[in-house]
Amino acid sequence: MTITTPSAPPAARTFTVSGSGLSFFGVLRSEWIKLRTVRSTVWSYATVIVISLGLAALMSVSAGFDGSQIPAEQQTAIVTQAATFGVFFGQLVVAVLGVLAISGEYSTGMIRSSLTASPKRLPVLGAKAVVLFVSTFVVGLVSTVGSALVAAPILAGQGITAEVTDPDLLLPLLGGALYLALVSVFALGVGAILRTGAGGIAAALGILLLLPIAMVMIPADWVADVTPYLLSNAGLGIFGLNAFGPADFEVWQNITIVLGWVAVSLAGAVVLLKRRDA
Amino acid sequence: MIQAQSLTKRYGNKTAVDAVDFTVQPGRVTGFLGPNGAGKSTTMRMIVGLDRPGEGSVTVNGKQYREHKAPLREVGVLLDAKAIHTGRSAYNHLLAMAATHSIPASRVKQVIELTGLESVARKRVGGFSLGMGQRLGIAAALLGDPATLILDEPVNGLDPEGVQWVRHLVRHLASEGRTVLLSSHLMSEMAVTADHLIVLGRGRVIADAPVAELIGAANRNTVRVRTPYAPELAALFQAGDVTVTQTDADLLQIVGVSAADIGNQAARAGIALHELTPISASLEEAYMALTQNDVEYRTGGTPDDHAADHPVVEQPAADLQESAR
């Protein structure tokens, strides 16, 4: 049964649309507002900084070196290590943050508001990635540089010093911040693919933390060739914190490997975000 | 104006929206009705590009939603009140939405005042009642001062004052020449709010007509007759387009003949009538009659429940089809 009747002609008055339109800059601002107005962001970033500063202080105090016995370049390496040691833990925190930046939108339904405001969808992911990268990089830099400032005077008391302008100190500080920023974007991609907080966090932390350990336990020759390419192994190599033996790659090679992980994660997110219903 | 052409959406084997065609005109309020699972929300989601149509297309003001340069200014949408991050304050939510289109903060304050959220705007949305969430959703829909409004169950969870406010709001917006499409389960609300109705059942358009006409159609000459000679009276109306249903030993429901005709014929046959009552259907009854065969999730309740209130409903399905045709 169907009743279909053309109705009377609509009101003569028509409403015209006016005002500013959608822009990537607007989406970028929107994502910045979103990131800074949830508590998990503030807590995560505060945790990254506090852990890093705390570990730097702890390592410096408990080291118990006698500086007179150590050559200058090794002294720099000790300061660098104290300053960047927190990144190892910080990567876990920013990975959780990266996943939550998008999974939180899926779990609350917010994603539907975001995608109706920006219906081409990819700008939302792009803006999230940019905002996460920049803020995590800044936070990472605050924590590595801050940690260096905490560690340096304590170590100086033990006769260990580093030149502030020494690239061997400054580049790892930058590298640690860069790695944290890249991990957060990698995790964003994982969160966008899996769309759940629990699944995304498990996957991201699994890749960062469990994969390198699990690989070591596999008794096969090819494993040794593959492990340097794992995300966290290459990532820690960026600032000289090699968990597994001597450095396998140059810094730029490690950065390239980490960028590869980020690219794969984001590519998966892009394809699925475009294809799936929200 | 919203135009859907053979719009189709399937989830696995299930066809949620089945080749629907409709046009929502500007300058009036169009109601979107249908039982749960009829495809209303899916259709609305397809209009704004959240769900991809399996086949067919839907355009808003001549373009697919995502092709518009200022989507939030073209269409304001309230899909469900929960499309908001619970950890953010209402003000910050609106501010973030507004930022995408460079809508100034002054407009955010405006819609907060308009929806009466001033006192809770700085509180986190997680603690909002259903009604406040609904108001916030409407505030978000109004942000871009849009030419088209799509509101899915806007009065759900609102108090009577809020229901009335939404009614006046949508009527006012339509009078400004905007396109307004709203769905509701409250038929009585639709009767006073909407000018035009599109009724969905099992993913198909089963009615697309002005409200008055829909009520009229369901109203078509249903007459309740009480007589001790029910079988004899029923025998008089066996021919033609008339449906007779015996609902009690002495009670008949006759569809397709006027009360006057029944009275005349009964007098001619010498049958005494104890009651002769034309029954006028409300919109709710009209809607129930229309969707009787298209209800996806039927409650298992007692069959007698509706006998008193909804005389049209208690007819067997076959008769219903007859009566509304």
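Scoring rules and cut-offs
- Residues numbered from 1 in each chain as written.
- Chains lettered and ligands numbered in written order.
- Predicted model: local features only at pLDDT ≥ 70, side-chain atom pairs only at ≥ 80, totals over all residues.
- Heavy atoms only, no water.
- Helix = DSSP H or I, 4+ residues; strand = E, 2+ residues; numbered from the N terminus.
- Buried < 20%, exposed > 50% of the residue type's maximum accessible area, 1.4 Å probe, protein only.
- Contact = heavy atoms within 4.5 Å.
- Areas by Shrake-Rupley, 256 points an atom, 1.4 Å probe, with all protein chains shown as cover.
- Salt bridge = Lys/Arg side-chain N within 4 Å of Asp/Glu carboxyl O.
- Buried area = accessible area lost by both parts, 1.4 Å probe.
- Axes fitted to C-alpha atoms, helices over the stretch in contact; angles between N-to-C directions.
- Left-handed = near helix turned anticlockwise from the far one by under 90°.
- Nonpolar A, V, L, I, M, F, W, Y, C, P; charged D, E, K, R; others polar.
- Phe/Tyr/Trp six-rings, centres within 6.5 Å; stacked < 30°, edge-to-face > 60°.
- Lys NZ or Arg CZ within 6 Å of the ring centre and 35° of its normal.
- Pairing = 2+ DSSP bridges.

K.L.:
Run through the overall build of chain B, naming residues and quoting values.
P.N.:
Looking only at helices and strands, chain B has twelve helices and 13 strands in total. Scored against the burial criterion, the 325 residues of chain B give a buried share of 56%. Within chain B, residue pairs in contact and separated by at least 24 positions form 70% of the contacts whose partners lie at least 6 positions apart.

K.L.:
Go over the overall build of chain A, please, and point to the residues and values.
P.N.:
The secondary structure content of chain A amounts to eleven helices and one strand. In chain A, the succession of α and β elements from N to C terminus is β-α-α-α-α-α-α-α-α-α-α-α. Relative to its full complement of 278 residues, chain A shows a buried share of 46%. Taking the intrachain contacts of chain A between residues at least 6 apart in sequence as the baseline, contacts between residues at least 24 apart amount to 82%. If you sum the accessible surface of chain A, you get close to 12,500 Å²; carbon and sulfur atoms cover 70% of it.

K.L.:
Can you explain the pattern of salt bridges? Please cite residues and give values.
P.N.:
Residues and elements named next belong to chain A. One pass over the structure, following the stated rule, counts 17 salt bridges over all chains. Measuring nitrogen to oxygen at the nearest pair gives 3.0 Å for the salt bridge that ties Lys 34 to Glu 105. Within this pair, whereas Lys 34 is found in helix α1 (residues 24-36), its partner Glu 105 is found in helix α4 (residues 87-108), the two being separated by 71 residues in sequence. Each member of the pair, Lys 34 together with Glu 105, is buried.

K.L.:
Mind laying out the interface of chain B and chain A, listing which residues take part and the relevant values?
P.N.:
With 61 residues of chain B at the interface, the matching set in chain A holds 45 residues. Carbon and sulfur atoms make up 55% of the surface buried where chain B meets chain A, a total of about 4,500 Å² over both sides. Looking only at chain B, the three residues that lose the most surface to chain A are B:Leu50, B:Arg88 and B:Thr100, adding up to 14% of its buried area. Here chain B is connected to chain A by two salt bridges.

K.L.:
Talk me through the packing of helix α6 (residues 122-156) of chain A against helix α7 (residues 167-194) of chain A; I want residue IDs and the actual numbers.
P.N.:
All names here are of chain A. Contact geometry of α6 with α7 gives a least axis separation of 7 Å together with a crossing angle of 150°. Note on packing geometry: the crossing formed by α6 with α7 is right-handed. Residue-level inspection shows Leu 125, Lys 128, Ala 129, Leu 132, Phe 133, Thr 136, Phe 137, Gly 140, Leu 141, Thr 144, Val 145 and Ala 148 of α6 in contact with α7, the latter providing Leu 173, Leu 174, Ala 177, Leu 178, Leu 180, Ala 181, Leu 182, Ser 184, Val 185, Leu 188 and Ala 192. Each residue belonging to the contact of α6 with α7 can be placed in one class, and the counts come to 18 nonpolar, four polar and one charged.

K.L.:
Can you explain the packing of aromatic side chains? Please cite residues and give values.
P.N.:
The final tally for this structure, using the stated rule, is seven aromatic pairs over all chains. Here the aromatic rings of A:Tyr179 and A:Phe239 are separated by 6.3 Å at their centres, their planes lie at 40°, and the arrangement is tilted. With A:Tyr179 in helix α7 and A:Phe239 in the loop between α10 (231-238) and α11 (251-275), this pair connects stretches of sequence that are 60 residues apart. Residue class for A:Phe239 comes out buried when judged on its relative accessible area of 4%. Here the aromatic rings of B:Phe22 and B:Phe32 are separated by 5.8 Å at their centres, their planes lie at 55°, and the arrangement is tilted. Of this pair, B:Phe22 sits in strand β2 (residues 14-24) while B:Phe32 is found in strand β3 (residues 28-33), placing the two residues ten residues apart along the sequence. This pair shows no difference in class: B:Phe22 is buried, exactly as B:Phe32 is. One aromatic cluster is present, formed by A:Phe85, A:Phe88 and A:Phe89 through successive ring pairs. Positioned above the aromatic ring of B:Tyr91, the side-chain terminus of B:Arg122 is 4.1 Å from the ring centre. Of note, B:Arg135 hangs over the ring of B:Trp165, and the distance from its end group to the ring centre comes to 5.3 Å.

K.L.:
Before we move on, can you summarise unusual backbone geometry with the specific residues and values?
P.N.:
Residues and elements named next belong to chain B. Backbone geometry at Asn 61 places phi at a positive 50°, although glycine is not the residue there. Assignment of secondary structure puts Asn 61 in the loop between β4 (55-60) and α2 (71-74). A positive phi angle, close to 50°, is found at Asp 145, a residue other than glycine. Here Asp 145 shows up in the loop between α5 (130-142) and β6 (148-152). Assessed through its relative accessible area of 35%, Asp 145 is described here as partly exposed.

K.L.:
Go over the side chain of A:Thr227 with me, naming the residues and quoting the values.
P.N.:
Looking at the element boundaries, A:Thr227 is found in the loop between α9 (221-226) and α10. What makes A:Thr227 buried here is its relative accessible area of 14%.

K.L.:
Account for the sheet that holds strand β1 (residues 2-11) of chain B, with residues named and values stated.
P.N.:
All names here are of chain B. Taken together, the three strands give an open sheet; going across it, the order is β2-β1-β4, and neighbouring strands pair in antiparallel fashion. Looking at the sheet topology across the chains shown, the edges are occupied by β2 and β4. Taking each pair of neighbouring strands and ignoring which way they run, the sheet shows an average axis angle of 20°. Here five bridges tie β1 to β4, and the two strands are oriented antiparallel to one another. Along β4, the bridge assignment pairs Gln 5 with Ser 57. Contacts between helix α1 (residues 40-47) and the sheet are confined to β1, β2 and β4, with β1 contributing the most and set at about 115° to the helix.

K.L.:
If you had to explain the environment of B:Ile103 to someone new, which residues and values would you point to?
P.N.:
Residue and element names in this part refer to chain B. Tracing the backbone through its elements, the reader meets Ile 103 in the loop between α3 (90-100) and α4 (105-114). For Ile 103, a relative accessible area of 6% gives the class buried. Sequence separation between Ile 103 and Leu 72 is 31 residues; the distance between their C-alpha atoms is 9.8 Å.

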